[in-house]
Amino acid sequence: MASANPDPRRKAAEVTVRPLRTMDADVKVLGSKSYTNRYLAIASLSGRETTLENALISDDTVYLSRGVEAFGHVRVDIDEQKETIHVTPTGQAMRAPEEEIFMGGAGTPLRFLISMAGHASGVTTITGNKRMQERPMGDLLAALPALGVEAVSVRGNGSPPIRVTGGDFRGGATRISGAVSSQFTSSLLINSVLAQNDVEITIVDDLISKPYVEMTIAALAEMGVQIKRDGHTRFTVPAGQAFRGGSVTVEPDASGMSYFLAAAAILGGRVTIPGIGRDSHQGDVGLVDALARMGCEASFDGGGITLRGGELHGIEIDMESMPDVVPTLAVVAAFAEGRTHISNIASLRVKECDRIAAVTTELRKMGVTVEEFPDAMTITGGTPAGAVIDTYDDHRIAMCFAIAGLRAEGVVIKDPGCVAKSYPTFWETLDTLHPDGASTL
């Protein structure tokens, strides 16, 4: 699993980012974390050999690989050099492991496994790191009993550790809130395919982060499963469908490409990201349009995305559909003229850290004026100064502020290794932006 020549920044206490004058680059971005997680979960339920090409090999996807293996019904082989994940059925029935399944800080994989444990005979306990044991799972736990799966929070607070009694995923009708996380709905959709009867899922309020559910439905369709739906309020998963096996190619990660789009934006340069287009179901592609509104020039052609920086100005924008790139947009806003108001982002409070508070705190360190609200933030752009950035064990905080360091001299990123959660080669990729390819370390 380990790289042959691991980047020393993965274990360094901090790195100082070296500024760039301009940028003119083609950047190959790793495979989508969201799609890799979805295809991996689907493949583990398919009963067929499946290979994920251009898969993201990161902390999250490795945790999910080991998590699905714990049920004994599949073997997962990871080839980091070839960027492939191969899933092979063992011929054994799913069973609860004797040891608890530890998922670190992998939120989406943990939520997928909660429902998946409903197919495994016995009692499964699933937990994570300290922050994960604070993150909400209650809506998913409340929805599973109607489908025949008992799932409870061991401490009674709606957070991990979660104990699931499986083996009788009957199906039927259930209701779930979509207000906290779309991952709960995706978890139900993927795992309901193997239910004994049809499953009907009703969203009782407004579903946030809708593009992530669209990605789930698209991944299921790619693997041979159809979902019936009434917009984003009701989904029906017909019983008796069969997944296909074989090979599937994971498209580049839209969240990961956001950092290099931001670099071009704040430096007034150009970046081209091959292999992803406007038709992607990844909601974070919408950042391209947001940056265009701020003064950049964007084009979708030749099977890729090209962004050229321009005179940046502030905007008002609702980011409910693409919360993962809010920190990236906030950093760009710090270099833009005027005020940028980012709204409808309450879900960021329960991510790997409280990302609204974290971004506010770190931008203020750089001399940027930020107003923080329960579900929004307003950034007044200017000339950010260098600062020592705390990253809160959050990959997205580390990467977005590293991009700020390409323009503001003296930006130091603490705990740079936390990027391994979603982009293990981030620092190496950042090096390629420098004409001499020299390290930022």
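Every residue gets a number counted from 1 within its own chain, in the order that chain's sequence is written. Predicted model: local features are reported for residues with pLDDT of at least 70 only, side-chain atom pairs are reported and counted for 80 or more only, and whole-chain, interface and lining totals are derived from all residues. Calculation of side-chain values draws on the structure's entire complement of heavy atoms; hydrogens and water are dropped beforehand.

Undergrad: Just give me the short version of the sheet that holds strand S23 (residues 412-414), but keep the residues and values in it.
TA: Paired strands, as defined in this entry, are two strands with at least two bridges between them according to DSSP. Secondary structure counts use DSSP, requiring at least four H or I residues in a row for a helix and at least two E residues in a row for a strand, with both numbered from the N terminus. The sheet built from three strands is open, its strands ordered S1-S23-S22 with mixed pairing. The outermost strands of the open sheet, each flanked by one partner alone, are strand S1 (14-16) and strand S22 (388-389).

Undergrad: So what's going on with the packing of helix H1 (residues 33-46) against helix H2 (residues 59-69)? Residues and values would help.
TA: For any two helices packed against each other, one specifies the crossing angle of their axes together with the interaxial distance. Fitting a line to C-alpha atoms yields each axis, with helices limited to the stretch in contact; the angle taken between N-to-C directions then spans 0 to 180 degrees. At their nearest, the axes of H1 and H2 sit 10 Å apart, and the two run at 10 degrees to each other. When the interaxial angle is binned, H1 and H2 end up roughly parallel. Contact residues: H1 offers Lys33, Thr36, Asn37, Leu40, Ala41 and Ser44, while H2 offers Asp60, Thr61, Leu64, Ser65 and Val68. Polar here means any residue other than Ala, Val, Leu, Ile, Met, Phe, Trp, Tyr, Cys and Pro, which are nonpolar, and Asp, Glu, Lys and Arg, which are charged; Gly is therefore polar. Its residues placed into classes, the contact of H1 with H2 shows four nonpolar, five polar and two charged. Each angle receives one of four descriptions, namely roughly parallel if under 35 degrees, roughly antiparallel if over 145, roughly perpendicular if within 65 to 115, and oblique otherwise. Contacts are assigned to residue pairs that have any heavy atoms within 4.5 Å of one another.

Undergrad: So what about the pattern of salt bridges? Which residues, and what values?
TA: Here, a salt bridge means any side-chain nitrogen of Lys or Arg that lies within 4 Å of a carboxyl oxygen of Asp or Glu. Counting across every chain of the model gives 26 salt bridges. For Asp26, the salt bridge is made with Arg270, and the minimal N-O distance between the two is 2.9 Å. Placement of the pair is Asp26 in strand S2 (residues 24-26) and Arg270 in strand S15 (residues 270-274), with a sequence separation of 244 residues. We note a salt bridge from Lys210 to Asp206, for which the minimum N-O separation is 3.2 Å. Exposure categories follow from relative accessible area, calculated using a 1.4 Å probe and restricted to protein chains: below 20% of the type maximum is buried, above 50% is exposed, and the middle band is partly exposed. A residue is classified by how much of its surface remains accessible, and Lys210, at 21% relative accessible area, is partly exposed. Since its relative accessible area comes to 48%, Asp206 is described here as partly exposed. One network of salt bridges, in which partners are shared, links Lys33, Asp60, Asp324, Lys351, Glu352, Arg355, Asp394 and Lys421.

Undergrad: Explain the side chain of Ser159 to me, and be specific about the residues and the numbers.
TA: Mapping Ser159 onto the fold places it in the loop between strand S8 (150-153) and strand S9 (162-166). Residues within four places of Ser159 in sequence aside, it is in contact with Gln133, Glu134, Arg135, Pro136, Met137 and Ser153.

Undergrad: Tell me about helix H10 (residues 355-365), residues and numbers included.
TA: Within the span of H10, buried status applies to Arg355, Ile356, Ala358, Val359, Thr360, Glu362 and Leu363. Contact partners of the buried residues in H10: helix H9 (326-334), strand S20 (369-373), strand S21 (376-380), S22 and helix H11 (395-404). Sitting at the head of H10, Asp354 places a side-chain oxygen 3.3 Å from the backbone nitrogen of Ile356. Phi turns positive, to about 85 degrees, at Gly367, one or two residues after H10. Under this definition, polar contacts are N or O atom pairs within 3.5 Å; protein pairs additionally need one hydrogen-donor-capable and one acceptor-capable atom, and for neighbouring residues in sequence, both atoms have to be side-chain atoms.

Undergrad: Mind laying out the sheet that holds S2, listing which residues take part and the relevant values?
TA: The strand order across the open sheet formed by four strands is S2-S15-S17-S16, and the pairing between neighbours is mixed. Whereas interior strands pair on both sides, the edge strands pair on one side only; in this sheet they are S2 and strand S16 (297-301). For this sheet, the mean inter-axis angle between neighbouring strands, taken without regard to orientation, is 10 degrees. Strand direction decides the pairing type here: S15 and strand S17 (residues 304-308), joined by five bridges, are antiparallel.

Undergrad: Account for the pairing of strand S10 (residues 172-176), with residues named and values stated.
TA: Where S10 lies against strand S11 (residues 199-203), five bridges are found, and the strand directions are parallel. Pairing of Ile176 across the sheet is with Ile203, part of S11. We call a crossover right-handed when, viewed with the strands running away from us, the connection from the first strand over the helix to the second turns clockwise. Taking the sense of rotation as the criterion, the β-α-β connection linking S10, helix H5 (residues 183-192) and S11 turns out right-handed.

Undergrad: Can you explain the pairing of S16? Please cite residues and give values.
TA: As judged from the five bridges shared by S16 and S17, these two strands associate in the antiparallel manner. Within the sheet, the bridge partner assigned to Ser299 lies in S17 and is Thr306. Between S16 and S17, which pair antiparallel in sequence order, lie two residues; one of them, Gly302, sits at a positive phi of approximately 60 degrees.

Undergrad: Residues and numbers for the environment of Tyr39, please.
TA: Along the chain, Tyr39 turns up in helix H1. What makes Tyr39 buried here is its relative accessible area of 7%. Placed 387 residues apart in sequence, Tyr39 and Phe426 show a C-alpha to C-alpha distance of 23 Å. Discounting chain neighbours no more than four positions away, the residues touching Tyr39 are Leu52, Ala219, Glu222, Met223, Val248 and Val250.

Undergrad: Can you break down the packing of aromatic side chains residue by residue, with the values?
TA: Pairing of aromatic side chains requires ring centres within 6.5 Å, counting the rings of Phe and Tyr and the six-membered ring of Trp. Pairs whose planes differ by under 30 degrees are stacked, by over 60 edge-to-face, and all others tilted. In this structure the tally under the stated criterion is seven aromatic pairs. Judged by centre distance (6.2 Å) and plane angle (75 degrees), the rings of Tyr63 and Phe102 are edge-to-face. Of this pair, Tyr63 sits in helix H2 while Phe102 sits in strand S6 (residues 101-102), and the two are 39 residues apart along the sequence. The class for Tyr63 is partly exposed, based on a relative accessible area of 28%. Where Tyr423 meets Phe426, the ring centres are 5.9 Å apart and the plane angle is 75 degrees; that geometry is what we call edge-to-face. Each member of the pair, Tyr423 as well as Phe426, carries the same accessibility label: buried. Cluster of aromatic residues (ring-pair linked, three or more members): Tyr259, Phe260, Tyr423, Phe426 and Trp427.

Geometric descriptors of this kind do not, in isolation, establish any biological role.
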